[in-house]
Every structure is written in structure tokens, then in C-alpha cells.
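Breakdown of the fold
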Amino acid sequence: MTAIHPIQQDRPVLNGRQLCFFVAFLVPASKLLAMPALLSYFAKGDLLFPALAHYLLQACVLAALLFIASRSDKGFFGLVADNLGKPAARILYGLYAVYFLFSALQPLLDLERFVYTAFFDSAPPMSIFCVFFFLSGFICTKNLKAFGRSADISMPLFLVAFIGLMIMSVGSADFSNLLPVFGNPFRSTATGFLETTGHFSDTALILPLLDAYRYRKGDGKKVMLSYGGGALFVLFFLAVFYGIFGPLAPRQEFAFIKTAQYFPALSVVGRFDLLLIYMMTVVLLFYYSFVLQSSVLCFARAIGTEKRVLLSAAINVLLFLYTLLAVKHYNVIYYAISLRLFWVFLLFADVIPLACLFLRQREKKRPENGKKGPPERKKRTGEVSRAQP
Amino acid sequence: MEKLTKNLRDNIQSIKGVLAADDILVYSFRAGDGTECAVVYADGLVDKAVIGDLAARPLAELGIRKNPSDDGDRGEMNADTVKDSLLFPEIKEQEDVQELLKEILDGNCLLLADGIAKGFIVGAKKPPVRAVAEPPTDIAVKGPREGFIEDIKTNMALLRKRLKTPMLRFEISKVGRRSETNVAVCWLKGISDEKIKDEIVKRIGEIDIDYIPDSSYIADFLAPRKHSVFRQIGTTEKPDVFAAKMAEGRVGILVDGSPIALTAPFIFIEDFQSSEDYYVSPFMATIFRAIRFIAVFIALLLPAFYVCSQLFKLQLLPLGLTLTIASSIQGLPLSPSLEMFLVLLVLEVLKEASIRMPKYVGMALSVVGALVLGETAVSAGFVSTPAIIIVAFSGICLYTVPNFVEAGSILRWLFLLIAGSIGPFGIVLLAAFLLYYLISADAFGMPLLAPFSPLVPHDLKDSIVKYNLQSLKERPALFRSPNKVRLRSGKKTETKNETEKDSGREDEKPDGQGGN
């Protein structure tokens, strides 16, 4: 675990820029795997609308969370601790730890299948994906400061990979495939919305981040704009994806490895788009590791320990066994999570954070000199929130 | 604490009793007034001619001149008389025998006189040093060619020559129980972060080892992560680079006996910067840096991707190239990964041998390496031509960044091993792991991968991209220099208050550039 060097102790763990990069680059990367095919299966040419609706809903939740951050020194869990007591906050940490594990179940299987498709010509041994858990195990032991930096480094990786892939893809897209607008029955589009709820419930991941983040004036606007930028990336990708594949889109799993393959130059110089895909995979690996890291962090807070190595090992071994056994039962898990348990995502990612708006918020402390700026962080014994993660 | 007595013979005996080695010599002579004197020194470390001219001769002529304290008579010789007579700029009085012994071993000479219970340390040190020359590891086509040598005093002088400011400070300490090696921490007061300097001084003070042969030992003690393959302390052999880094806010460390100076905090991107980048146009510097960056990627990943393209993902190569490679590897007894492993091993062995081998055998080595091993191995069908080309190209590419060669070699092996076993997914995983390792690593509170992660937009002006000097008006934000301004626009001459301004009282700005 990286300790914060005494020289840097006066700095906040996360800053607004890193939060912006998280929502603008890491979150959209996670939408490029199974979601486009799934959405096009239900909504067909109208696939942009359910995605847009999800983004609008999540933007409201994000705005609420940023509002809470702007009004209170404490993060989300600190606010709960203030209002409902520390035991309640610990229970909530525990629930969110389980929720983050739950929310990783299907994406991990998607990632596993994506790896087998994108990285291998022939079927590799099933155990190959398990090496991922060494990486995530390592990341889970790190603090949120390292996560913030991973958001920074994801920015160039995502931009280079995404822009490169889109340049190669957009020429093959026929955007008339998206017409007529609202040509699909509303019921199918609404089903598409509900079934992809799990894919868009990323705002819950902001909750543990708020514990380590100090709001500065103007951050709210920047984060919301970044989230909008990230949404535009995804919507543009969906449009290009459906433009290229049209009615065949539902069959194109892991769309972003396929959209660029019709670029003429690739037949001459080889599939160098794969290098961009691998670059994007690094961002994806950071994102999925962060989901597990959030779970480890919440578990650690729930049981009140700072030693995360054992927790990290336990969770990663558990998920390693899960991916080993569950990949053959992908459809069963998909139906269970997407069709029957989609309300869990709505509850944890939308309802609970929004309910926090009704909690009593203490005014943010001002620095003693009266100038506007970040409040002094005081560490109190037994404080639940704002503990150095 | 043993002290000197007034008896010269007793004093010499007690010193020789401890310093019994044959290279500790005693030169006895009589002063002009007949007082017995002796000079004790380590043979080979002092300038004997200087001792004769500036110490022994003036004392021998003492009787001719009058002692100013006497009324015309020749008085008894005392400490003041000796000090007044000697023409040395560096004279120190000392009574403690242990301290005197340390000074003798440090290369100074000790002057003793009968009847005086004090020793005079005369700074006539002249250890054998080589001339200042261009460092072999850091050659620049354009720019200064001076390099540090093994003598710390010379190195300090080389630095002082370039930074003629009273703000240049040295703090010298001795490290090593046996070697008593001089280690100088140098910094520019008002420009370097004092916290970092204090931390370095503290850590150096905590080193308790018997012998320090080189600055790499100090670097090892200062590095926060002991098992990292990546460097955590900067190194240079060039005074111009060293001075420039200090002017950016870093703290420097000079170690006696080592031509390699250390700088801290170190950031990863420094490996990709060459001194020459600052002496050519920024446009060219950017191109050079981009080439180095790409070359390192090629060096690390090309052998690994070559193996992957054959074993796991044929689409990585264009069809024509795949067919060419397929024809050349036909009939090879080794698998692609084993073949690449073998060729890479040959490269590493040749590299190691060519460094250690005497120069006149070098030609033979080239013939054996290139012709016998390369050509014959291909003809015999042990390895394929593409494998040799790839390894050779990878080897050349790695040397575009000389400071990264050690870490690069290890990483290349790792990538090759993982590519042969897990395929391209393994490469991506290892890359992600290394990236995360680097972003979570700090040295002296400075992130190793800055200014990319955490993103410090201000410092990107001198990273892969190199802006012109006029754009680099402020020092790197990362080093938290109290005095941020490097270039003042519109000022051609220094003002009277330059010294005061250097101390950092102006240009204070809130530190909002970097983050985490």
C-alpha cells in the first residue's frame, strides 16, 4: 500500500480534474463492450434514445452527488454517519461493498469473453483470463490517490485509441441505418432501457470517491461537462456502430474490436487497429479493477480496517473462481442480473444517492483567513468519512 | 579523547601507533630557531612540493625573520608563530588525535612542532585524479563536453563555475564507517524545496555502512522502493545537466570517488530527455524525444508481439509479411518463443562480453557475433532471419535511451516470457500492471510518472514535447520551488536585488498546477 509521503500530506487525495477524467474517459470505455449489441437488439435504430435516457438519469444523480459534495465537508458516507450514526454508515459501506461486487459480475464475464475474442485467433485455455485478477488484486491494495492518477493516464490512452478507431470506422458507417427516428416500438426501446440499467449505473462508483475528494468552486460544472463529453463519445460510437452494422448489429458483440476492421489500409499494413484496441483494453482493465477496488475499500470501511491486502486477495480469489465457473453459464447470469435484478442497480446507483439530498447537510467549513478555498481537513478519532483511503 | 602533548616524539609515536601503515610518512625537519618539526601525511595524497615550499621552507627561515611578539630577540616558537609563518590558505588547528588522524587519512597533512600541543592541518591535499573529460556515457554532439570526475572538490568547483550565486549551498557529510566518504548535498537556496533537501540530508545521515565506493550506493539508500526495476534517483555525469536540474528545483548529491552525480526528486520522463535537447531547436528536440519514446516501445514490445503474432494472433501482421515469415520459419526446430528467447539471450551475452572484453578482442567478437553466430545459425536452420532482425532492431532501439537500458532489458524479457505463455492479453496486462505500478510510485513525494500522471499541464511543456525557452518562463510546478519564475521578460541585465529575489520572496503563486 502506498503511503502518502509526509511532503505531500497537505494535498487532497483526489482532485476535480481526476473526477472529470474518470467520468469522461474511464466510464465511456466500459460502454464499448457488450452494451451496444444489447441495446441494438432491443432498440434497433433507436438505440441512441435509451442510452440518452440513461445518461440523463445518471446526470441527475451525479449532479445531486456533486451538490452534496459542494455543501458538505464530508463525503456521502460521512453524511450518512452524521445523520444516521456511524453504525448505519458502516452498514451502508457493507451494502455498497456487496453491490460493487454484484455490479462486477456480468461485466467481468463480458470482459472475459472480450479477451478471448480480441486477443486470440483460436480458443485459449479458460484459465488465461484469470491472470487479470493478479492485476486487480494489486490495484485493490492501492489507495484512491493511485486511482486518481490512473484516471489521468487513461485520458491520453482513451483519446488516442477512441479517435484512432473512430477515424478508421466512420468512413464505413451508413448513418441512414439510424432512420427513421422512433421507428422502433416504444415498448422494445423501454425494455432496452431497463435491461441495460446495469451498464449505466456508474455514478455509484463516485460515492467512495467523494470520501477522498475536496470540492472546489467550479468543479460541479466541470464534472458535469466531462460527463456530457463522455456521453457524447458513447452516443457517437453507438451511431457509428449501428451505421456500420445496421440490422446485423445485435450479433456484433464487443463492437469496438470490429468497427475499424473495414478500413482499407488495414489489408495492406495489417490490423494495426488492434494496437488501439489493446490500448483501450488498458483503460478497461483500470476501470474494472476500480470496481473491485471500490468493493474492497467499502468492505475495509465496513469492518474498520486499513489492511486491505487480505481483503483484496479474498475478493479476487472469489471472483477468479466465479469467472472460471460462470463463463459457461453466461446466459443464465445475464438473465438473472439484467432481467430480474435490474432494480438493484436503480436502488444503489440512483435511489439511495438521490435520497441523500434529504439528509441534513452541515455547512462547509471556511478557512480561518476568510478566503474562499478548500476547507481544512481535520482528522478526528474514529471518524468514518474522510479517512485517508 | 586523546590529545596532543608538547613532546613532538610522543605525538609522532602516538600517531604512528595508530596509523602504522607504510604509506603514512613522517618528514622531520628543524625550524629556523632550531625547533624540531614534523609533517605527517599519507603518501600519494598530498602535494609534496607544496609542503616543502609553503610549509617547511617558511619555518626553516623563521630565524631570519623576527617574531613580532618579541622585542628583537628570538622567542620560543608558539602556535601563532607557526600560523603566521605558513603561507597556506587552508590551515586548521586541532588538538584531538582522532580528528587529526581522520584529516591525515583524508589526504591533508599534519604539521607538528616540538613544544606546541597542537597540530596544524595543512590543506595540501592532492589526490590522484584524472583530468576533466567528456563522459563516455553521456555524449552530446552539441553542448558542453565537460564531465564530472572522481574528485568531489573538482566536481564542486565545476558546479560552482556554472552557478555563480551565493544561493548555491553545499552540505558535506561523511558516510561510511571505514571509507569516510565525503557526500555533498547541493541545492539552490530559495529555488529547491527545503523539505526535500532536509529529507535527503536526513536519509544520508541515517546510512550506516562501512564502505561507499560509488554514488550508486547512496542512490540505493535514498530510493524509496528497494526492489523496483525503475530508477528512482536521477544520475548524470555532466555538470551542465546537473546545474540545470538544480536550477529547476532539484537537489543534487555529489559523492567523493564517483563521477556520477545524483539528483532528486527524479521523474521517469527524465530518462527520455538528453542534454542536447536544450541546445538544439525545440522542434528537433521534440522529434528526438518522440523517436526515443517510440524506440523504447519498439525495444520492449517488438520481440513479444512477434511471438504473439505467430502463436496467438496472426492478424497482427499483414498477410504478405505473415507469408514471408512463415516461409522463413519453416522447418525450424524451435518454437517462436524459444527461438526469440535464444536470440535475445545471444544478444545479451554479446552485449555483456563486448563491455567487459579488451578493446583489441572486440573486432574478433564482432566477427564471431555477427558472422558465426548470426549467419551460420540461420544457414544451419537453428533460428530464422526475422528473429535476428527483430532482436537486433530491438537492441538498437533500447540504446536510444541509455539510462533505461537496465530496466528495459529486464522488461523485455518479462514481456517475451508473458507473450509466449499468455499471448497479447498478457502483454496488455503486464503493460497495465507496470503503468499502475509507476503511477502509484512516489520518490520524495514526487510522482514518478509526472507530469502525465498526475497531470501537470504546466510541466508538459518540457516532457515529450519541448517548448522553446521563451515559453518555459516558470520552473517545473512539480518541484514546488519557492521561486517559480525562471525567465523574466524584458529584463536583459541583472538588477541589484537579484540576490534577494533569488531567495524566493517574490513570485509566490498558489500551488495549483499539479495534483496528487
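Residues numbered from 1 in each chain as written. Chains lettered and ligands numbered in written order. Predicted model: local features only at pLDDT ≥ 70, side-chain atom pairs only at ≥ 80, totals over all residues.

**Here we look at the packing of helix α5 (residues 152-162) of chain B against helix α8 (residues 239-247) of chain B**
All names here are of chain B. Under the convention used in this document: For helices, the fitted line uses only the C-alpha atoms of the stretch in contact; every axis is such a line through C-alpha atoms, and the angle between N-to-C directions lies from 0 to 180 degrees. Numbered from the N terminus, helices here are DSSP runs of H or I no shorter than four residues, and strands are runs of E no shorter than two. Comment on the angle field: the value is read as roughly parallel under 35 degrees, roughly antiparallel over 145, roughly perpendicular from 65 to 115, and oblique elsewhere. Here a crossing is taken to be left-handed if its near helix is turned anticlockwise relative to the far helix by less than a right angle, and right-handed if that turn runs clockwise. What counts as a contact here is a pair of residues whose C-beta atoms, placed from the backbone, lie within 7 Å. Gly is put with the polar residues, along with every residue not named as nonpolar or charged; the nonpolar set is Ala, Val, Leu, Ile, Met, Phe, Trp, Tyr, Cys and Pro, and the charged set is Asp, Glu, Lys and Arg.
Closest axis-to-axis distance for the α5/α8 pair is 9 Å, and the angle between their directions is 60°. The pairing of α5 with α8 is recorded here as oblique in orientation. Where α5 crosses over α8, the two elements pack in a sense that is right-handed. Taken together, the residues of α8 that come into contact with α5 (itself represented by L158, L159 and R162) are P239, D240, F242 and A243. In terms of residue class, the contact of α5 with α8 is made up of five nonpolar, no polar and two charged.

**What to know about the sheet that holds strand β7 (residues 181-188) of chain B**
Residues and elements named next belong to chain B. Applied cut-off: When DSSP finds two or more bridges between a pair of strands, those strands are recorded as paired.
Across the sheet, which stays open at both edges, the five strands sit in the order β6-β7-β9-β10-β8 with antiparallel pairing between neighbours. Each end of this open sheet is capped by a strand with a single partner; those strands are β6 (168-175) and β8 (234-236). When the angles between neighbouring strand axes are averaged without regard to direction, this sheet yields 25°. Pairing analysis gives eight bridges linking β6 to β7, with the strands arranged antiparallel. Across the sheet, residue I172 finds its bridge partner in β7, namely A184. Those strands touched by helix α7 (residues 215-222) are β7, β9 (251-255) and β10 (261-264), and its axis lies near 20° from that of β10.

**What about the nonpolar core?**
Our working rule: The term nonpolar core refers to a set of buried Ala, Val, Leu, Ile, Met, Phe, Trp, Tyr and Cys residues connected through C-beta atoms within 7 Å. Whether a residue is buried, exposed or partly exposed is read from the other C-beta atoms within 10 Å of its own C-beta, which are placed from the backbone; 20 or more gives buried, 12 or fewer gives exposed, and intermediate counts give partly exposed. For the domains described, the bounds stem from an automatic or database domain assignment.
Counting 225 residues, the largest nonpolar core has A:M280, A:V282, A:V283, B:A264, B:F415, B:I427 and B:A432 as its most contacted members. Residue contributions to this core peak at 20 residues, all from helix α12 (residues 273-303) of chain A. Two domains share this core, each providing at least three of its residues, namely domain 2 (129-266 + 465-516) and domain 3 (298-439) of chain B. Discounting residues that sit within four places of it in the chain, A:V283 has contacts with A:F25, A:L26, A:A29, A:S154, A:L157 and A:F158. Among the nonpolar cores identified, the runner-up in size contains 26 residues, and B:C37, B:V39, B:M77 and B:I116 belong to it.

**Observations regarding unusual backbone geometry**
Omega for the peptide link from A:L179 to A:P180 comes to -5°, which places this bond in the cis form. At the junction of B:A450 and B:P451, the peptide bond is cis and its omega measures out at 5° in the coordinates. Note on placement: B:P451 falls in the loop between β12 (446-447) and α16 (498-505). One non-glycine residue with positive phi stands out, namely A:K44, at about 50°. Within the fold, A:K44 resides in the loop between α2 (35-43) and α3 (48-71).

**Examining the packing of helix α4 (residues 76-84) of chain A against helix α5 (residues 86-119) of chain A**
All names here are of chain A. In the contact formed by α4 and α5, the axes pass within 6 Å of each other and the chain directions differ by 145°. Seen from above, α4 lies across α5 with right-handed handedness. Seen from α4, the contacting residues are F77, V80, A81 and L84; seen from α5, they are K86, A88, A89, L92 and Y93. A breakdown of the residues in the contact of α4 with α5 according to their chemical character gives eight nonpolar, no polar and one charged.

**Comments concerning the environment of B:L25**
Residues and elements named next belong to chain B. With respect to the helices and strands, L25 occurs in strand β1 (residues 24-30). For the pair L25 and A38, spaced 13 residues apart in the sequence, the C-alpha separation amounts to 9.9 Å. Setting aside chain neighbours within four positions, we find L25 in contact with Y41 and D43.

**Topic: the interface of chain B and chain A**
Each side of the interface is counted separately: chain B has 36 residues, and chain A has 39 residues. If one sorts the elements of the side of chain B that touches chain A by residue count, helix α15 (residues 424-439) of chain B sits on top with 11 residues. Across the side of chain B that touches chain A, the residue classes break down as 24 nonpolar, eight polar and four charged.

**Quick word on the confidence of the model for chain A**
Residues and elements named next belong to chain A. Cut-off, in case you're wondering: Confidence of the predictor in every single residue is expressed as pLDDT, which spans 0 to 100.
Confidence in the prediction of chain A, expressed as mean pLDDT, is 84, and 89% of residues score 70 or more. Note that residues 1-10 has pLDDT below 50 and, in this model, 20 contacts with residues that lie over four places away or in other chains. In the predicted structure, residues 368-389 sits below a pLDDT of 50 and forms 36 contacts with residues beyond four places in sequence or in another chain.

**Things to note about helix α15 (residues 342-355) of chain A**
Residue and element names in this part refer to chain A. Formally: Here, expected helix span is obtained from the residue count minus one, scaled by 1.5 Å. Bend at a given residue is defined as the angle between two axes, one fitted to the seven residues that end at that position and one fitted to the seven that begin there.
The end-to-end C-alpha distance of α15, which contains 14 residues, comes to 19 Å, matching closely the 20 Å that a straight helix rising 1.5 Å per residue would cover. Its axis deflected by about 30° at F348, α15 carries its strongest bend there. Taken as a whole, α15 has its buried residues at F345, F348, A349, D350 and P353. Those residues of α15 hidden inside the fold are in contact with α3, α4, α5 and α9 (206-210).

**Digging into the domain arrangement of chain B**
Annotation of chain B at the domain level lists domain 1 (8-122), domain 2 (129-266 + 465-516) and domain 3 (298-439). Here the C-alpha centroids of domain 1 of chain B and domain 3 of chain B sit 65 Å apart.

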